[in-house]
Amino acid sequence: MIVVNNTSGEYSDVINSYYDIEKFSEESNSVLFLGYTTSRCDETRSKYLNYKNRIYLNLESPCSFCSTSSFEEESRYFTHTYTICPYTADWISSRTSIVAKTIPFPYNEDCFSSILKDMKILSSMYMGTIMCKEHEDMVRVIKKRPHSICSLYPHPLVTDYNISSHQKWMMLGSSKSSVIMNMCPVTEQHKSWIAKNDLSSHVAFNNLDYNFMPQFKPRTIESMVCKAVCLVKKDPWNVIENWFEPDKHFLYWETYEELDSLIENIDSNYEDYSDIINNAYEEVKKYEILNIFERIKGDVGE
C-alpha cells in the first residue's frame, strides 16, 4: 500500500504527528491518505485518481463540516474512509458509494514506550483547549488537588501551556485520572453555517440547542495507554461507546459533584481501579497505528 502523508496546516506536535507509517509504503494499487491537506490537494488527487483503492484516514470529523462547505465533494474522491466520527461514517454511507468505517484515534506505541506509567503523583489531569464555561467549571474541580492542565492555548486556568507531546505524556503517565469531554462547543456562527447546508440527517448536528457536537478526543487513547483512569463526561451521544465499555474501560460522570467525588476516590484508592486501568490498557492496543494499518490493508484485500 502506498502511504501519502501531508499534515501541513495542522498542529505539528500531536498524536497523529507520530504515526510514521510512510516507511511501510510500497508500490500498490491502493493509496492511504494521511492529513487533511491530502483530501484537498489537486496535485495529489490527480496523481492517484486512477488507483483502485483511495483510502482517507479522517481524524477531523465532524469538525470538517464547520470548516469547509465542500467536505462532501472532497470525500467523493475516495473509495474508503476511516473516521473517528461514526455519524459522519453513516452520513457518507447514506449519500455516496464510499465504504465508510469508524476507528478511534490511533497511536504509535513507540511514543509511549519510555513513559513511566506507575509513578503516580498527580490526582488528575486535563488536556485540551479551555473553550467555554463548562470547561472552566470542570477544570476548577480538577484544580482542587495536585493536577496538570495542559493546553496549546493560553488561559488563566492552564498550568502547562504549549508543552510538547512527550512532556504531556510524561505528565499523563504520572496522573491517576484524566478528565475528558468528547465534545466540541458549537457557536452561533457554526449553527448559522450548519443551517445553510443539508446536514439534517447528520446525527452529530441533531442537538444544536445543547451547544455541543460530539468529537472523540485523542486524550482518551493517550490516557488509557498511560494508565490514567478515564473520567468521561456523559453526553447525548457517548461516542466513546463505539469502542469502549463504561465501567469496564472508563467511568462516566454527569455532575461536577460526581466528578469531584470520583477524582477524590481514585486519588485515595488508585489500586482499587486496577481492573478498569488494565482492561483499558489491553483494549486500546487494538488501535495502535500498525494494527489499524494492517486492518485497512486487510479490508481492501492487501
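In the block above lies the structure referred to throughout.
Please read these numbers as outputs of a predicted model, since none were measured by experiment.

Participant: Before we go on, may I ask you to explain unusual backbone geometry in this structure?
Facilitator: Note: most peptide bonds trans; most residues except glycine with negative phi. Note the cis peptide between Ser61 and Pro62, where omega equals 5°. Looking at the secondary structure, you find Pro62 in the loop between strand E3 (53-58) and helix H2 (71-75). Phi angles above zero are rare outside glycine, and Asn162 is one such case at about 55°. The class for Asn162 is partly exposed, based on a relative accessible area of 46%. Backbone geometry places Asp247, a non-glycine residue, at a positive phi of 70°. Relative to the elements of secondary structure, Asp247 occurs in the loop between strand E12 (229-233) and strand E13 (251-253). Residue Asp247 is classed as exposed on the basis of its relative accessible area, which comes to 59%.

Participant: Quick question: what am I supposed to make of the side chain of Lys227 here?
Facilitator: Within the fold, Lys227 resides in the loop between helix H7 (218-225) and E12. Summary of buried charges: Lys227 has no salt-bridge partner, and the nearest side chain of opposite charge, Asp118, is 4.2 Å away. Discounting chain neighbours no more than four positions away, the residues touching Lys227 are Lys117, Asp118, Lys120, Ser175, Tyr270, Ile277, Asn278 and Tyr281.

Participant: Just to check I follow, could you spell out the packing of helix H4 (residues 133-142) against helix H8 (residues 256-268) for this structure?
Facilitator: For any two helices packed against each other, one specifies the inter-axial angle together with the distance between the axes. Contact pair H4 / H8: the axes reach a minimum separation of 9 Å and the direction vectors enclose 30°. With respect to H8, the axis of H4 lies roughly parallel. Helix-helix and strand crossings are classified by hand; for H4 and H8 the assignment is right-handed. Listed contacts from H8 to Glu134, Asp137, Met138, Val141 and Ile142 of H4 are Tyr256, Leu259, Asp260 and Ile263. Class assignment for the residues of the contact of H4 with H8 results in six nonpolar, no polar and three charged.

Participant: How should I be thinking about the nonpolar core in this particular structure?
Facilitator: Nonpolar side chains in soluble globular proteins tend to end up buried together. Core analysis: the biggest nonpolar cluster contains 90 residues, and Leu32, Leu57, Leu231 and Phe244 have the highest contact counts within it. When sequence neighbours within four positions are dropped, the list of residues in contact with Leu32 reads Met1, Ile2, Val3, Val4, Ile21, Ile55, Leu57, Phe293 and Ile296. Membership of the second largest hydrophobic core comes to nine residues, among which are Val4, Val31, Phe33 and Tyr77.

Participant: Help me understand the pattern of salt bridges, please; the structure alone is not making it clear to me.
Facilitator: One side chain can pair with another of opposite charge once the charged atoms of both are near each other. Counted according to the given criterion, the structure contains 15 salt bridges. Close ionic contact of Glu74 with Arg40 constitutes a salt bridge, the shortest N to O distance being 3.5 Å. A residue pair is termed long-range when its members are at least 10 positions apart, and Glu74 in helix H2 and Arg40 in the loop between strand E2 (30-34) and helix H1 (42-47) qualify at 34 residues. In this structure Glu74 comes out as buried when scored by relative accessible area, which is 8%. Lys101 is paired through a salt bridge with Asp299; the nearest N and O atoms lie 3.3 Å apart. With Lys101 in strand E5 (residues 99-102) and Asp299 in helix H10 (residues 289-299), the pair connects residues that are 198 residues apart, well separated along the chain. Judged by relative accessible area, Lys101 falls into the partly exposed class, the value being 28%. A single salt-bridge network, built from bridges that share partners, covers Lys144, Arg145, Asp260 and Glu264.

Reading guide: rules and limits
Residues numbered from 1 in each chain as written. Predicted model: local features only at pLDDT ≥ 70, side-chain atom pairs only at ≥ 80, totals over all residues. Heavy atoms only, no water. Helix = DSSP H or I, 4+ residues; strand = E, 2+ residues; numbered from the N terminus. Buried < 20%, exposed > 50% of the residue type's maximum accessible area, 1.4 Å probe, protein only. Lys, Arg positive; Asp, Glu negative; His and termini not counted. Salt bridge = Lys/Arg side-chain N within 4 Å of Asp/Glu carboxyl O. Contact = heavy atoms within 4.5 Å. Axes fitted to C-alpha atoms, helices over the stretch in contact; angles between N-to-C directions. Parallel < 35°, antiparallel > 145°, perpendicular 65-115°, else oblique. Left-handed = near helix turned anticlockwise from the far one by under 90°. Nonpolar A, V, L, I, M, F, W, Y, C, P; charged D, E, K, R; others polar. Core = buried A, V, L, I, M, F, W, Y, C linked by side-chain atoms within 4.5 Å.

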